[in-house]
Amino acid sequence: MKKLQFLILFALFSGIATAQNSSFLLYSFKGNVSVIENNVESKAKVGKNMNSSASLKVAASSAVTLICNEVAMFTITKPGTYQLTKFGDSCKVSGNSVSANYVKYVWAQMTKSSGSPGSNRKAYMSTVGAVSRSINNIWVDPRLDTINYSGGEFPLSWKSYAEAKEFDFMLFKADNIVEPFYSTTVSKLKISIPSFSDKLKQGETYYWISAVKGEENEERKVLNYVSKETFAGVLANIKSQAAGFEAPAEEAYRIAFMLEDAHYLSEAYQYYTKAATLDPNNALYRSTLMSFKKDYEIK
């Protein structure tokens, strides 16, 4: 009996300690929400860091979503004043469907003190590109190893180790086919997908190569031309993974991150742009959009 009482007390004090040592990040809100720290009340702001001694005042018809201790996300929707020390249980990792990598990523970006926010997205994404199999004068970013594309303006790009002025671009219907079904010569280190999308059929997989004009390159990259219906299903699934309330800008940014992770790069670009447009004062959204455009040679 004494052992049971000890375990109960230990669990109780552990929960109290967890709540008191927790850190919180204000992820999203709507309506009238304010933060009270050291008896000073201020308006809520996305990216605000708070410790457990702070309180939140939530007005009627308002909502606020917090990230706790880097891993847990929860939403408060009922009006009232809440001491953050009361949310120890909410700081535990739950079985919600929101991407754990995304929650960690947002926490890291909004709390970092140096560097360009949004520039290290790849470190928090679950998918990686293939390892280069050969040596040639062309290098393609591993993030472009496989692209899922359903529409929109987006370039396939590469780097050249040679001082070349022209590059051959080739498309193949299978990885083992020698002759391309489409080829062209470009003077830039990229080619716009819409410039040849009329040669593609939705639902099919294609392989592409870029090479210095007159040279060979054996590394083929994958381009999946996804149907509108397939992408609509992917998008609906991503939208459904919100752990709680999200304002339109936060939702757009999460969707963009998850689309990029799923290699829907053209579509991710549209949503990063949407997030930065909806909340132009958010430095993370602006910086990520600039970083994305730089990564993928979008002007």
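So, here is what we can say about the structure in this document. As the structure is a prediction and not an experimental result, all values here were calculated from the model. (Residues numbered from 1 in each chain as written. Predicted model: local features only at pLDDT ≥ 70, side-chain atom pairs only at ≥ 80, totals over all residues. Heavy atoms only, no water.)

## Considerations on the overall build of the protein
For clarity, the threshold we go by: Secondary structure elements are taken from DSSP: a helix is a run of H or I of four residues or more, a strand is a run of E of two residues or more, and numbering for both begins at the N terminus. Here the term buried applies to any residue with accessible area under 20% of the maximum for its type, exposed to any over 50%, and partly exposed to those in between, with areas from a 1.4 Å probe on protein chains only. In what follows, residue pairs with any heavy atoms lying within 4.5 Å of each other are defined as contacts.
Check the secondary structure of the protein and you find six helices and 17 strands. When the 299 residues of the protein are sorted by exposure, 45% land in the buried category. Counted over contacts in the protein with a minimum sequence separation of 6, partners at least 24 positions apart contribute 62%.

## Observations regarding the side chain of Asp 168
Rules: Definition of a polar contact: a pair of N or O atoms within 3.5 Å, with one able to donate and the other able to accept a hydrogen when the atoms are protein atoms, and with sequence-neighbouring residues admitted only if both atoms are side-chain atoms.
Along the chain, Asp 168 falls in strand 13 (residues 167-172). Among the polar contacts listed, one links the side chain of Asp 168 to the side chain of Thr 185, at a separation of 3.2 Å. With residues near it in sequence (within four places) discarded, Asp 168 still touches Thr 184, Thr 185, Ile 209, Ser 210, Ala 211, Val 212, Lys 213 and Gly 214.

## As for the nonpolar core
Going by this rule: Put simply, buried Ala, Val, Leu, Ile, Met, Phe, Trp, Tyr and Cys residues joined by side-chain atoms within 4.5 Å make one nonpolar core.
Counting residues in hydrophobic clusters, the biggest one holds 60 residues, and the most contacted among them are Trp 158, Phe 169, Phe 196, Tyr 272 and Phe 292. It is helix 4 (residues 248-261) that provides the largest number of residues to this core, a total of eight residues. When neighbours within four sequence positions are excluded, Phe 196 is seen to be in contact with Leu 156, Phe 169, Leu 171, Tyr 182, Ile 191 and Leu 223.

## A few points about the sheet that holds strand 8 (residues 80-83)
Our working rule: Two strands make a pair as long as DSSP finds a minimum of two bridges between them. For helices, the axis comes from a line fit to the C-alpha atoms of the stretch in contact; other axes are also lines fit to C-alpha atoms, and the angle between any two N-to-C directions lies between 0 and 180 degrees.
The strand order 3-2-5-8 describes an open sheet built from four strands, whose pairing is antiparallel. What marks the edges here is a single partner per strand, and that holds for strand 3 (40-43) and strand 8. Between one strand axis and the next, the sheet turns through 25 degrees on average, direction left out of account. The pairing of strand 2 (residues 33-37) with strand 5 (residues 55-58) spans four bridges and is classified as antiparallel. Looking across to strand 5, one finds that Ser 34 is bridged to Lys 57.

## A word on the pattern of salt bridges
So the rule is basically this: The term salt bridge refers to a side-chain nitrogen of Lys or Arg lying within 4 Å of a carboxyl oxygen of Asp or Glu.
Tallied over the entire structure, the rule returns 13 salt bridges. Put simply, Lys 57 and Glu 41 hold a salt bridge, and the shortest N to O gap is 3.1 Å. Here the residue Lys 57 occupies a position in strand 5, and Glu 41 occupies one in strand 3, the gap between them amounting to 16 residues. Using a relative accessible area of 33% as the deciding quantity, one classes Lys 57 as partly exposed. Owing to a relative accessible area of 44%, Glu 41 belongs among the partly exposed residues under this scheme.

## Observations concerning helix 2 (residues 100-111)
We count it as follows: Take the residue count of a helix, subtract one, and multiply by 1.5 Å to get its expected span.
Helix length check: helix 2 (12 residues) gives 17 Å between terminal C-alpha atoms against 16 Å at 1.5 Å per residue, within 8%. Looking at the buried side of helix 2, the elements it contacts are strand 1 (23-30), strand 4 (49-51), strand 6 (63-68), strand 7 (72-76), helix 4 and helix 6 (283-295).

## A look at the sheet that holds strand 1
Across the sheet, which stays open at both edges, the four strands sit in the order 4-1-6-7 with antiparallel pairing between neighbours. Of all strands in the sheet, those with a lone pairing partner are strand 4 and strand 7, marking the two edges. Averaged over neighbouring strand pairs, the angle between their axes works out to 35 degrees when direction is ignored. Here strand 6 pairs with strand 7 via five bridges, running antiparallel. The residue of strand 7 that forms the bridge with Cys 68 is Ala 72. Here helix 2 sits on the sheet in contact with strand 1, strand 4, strand 6 and strand 7, set at roughly 100 degrees to strand 1.

Coordinates in, geometry out; function isn't part of it.
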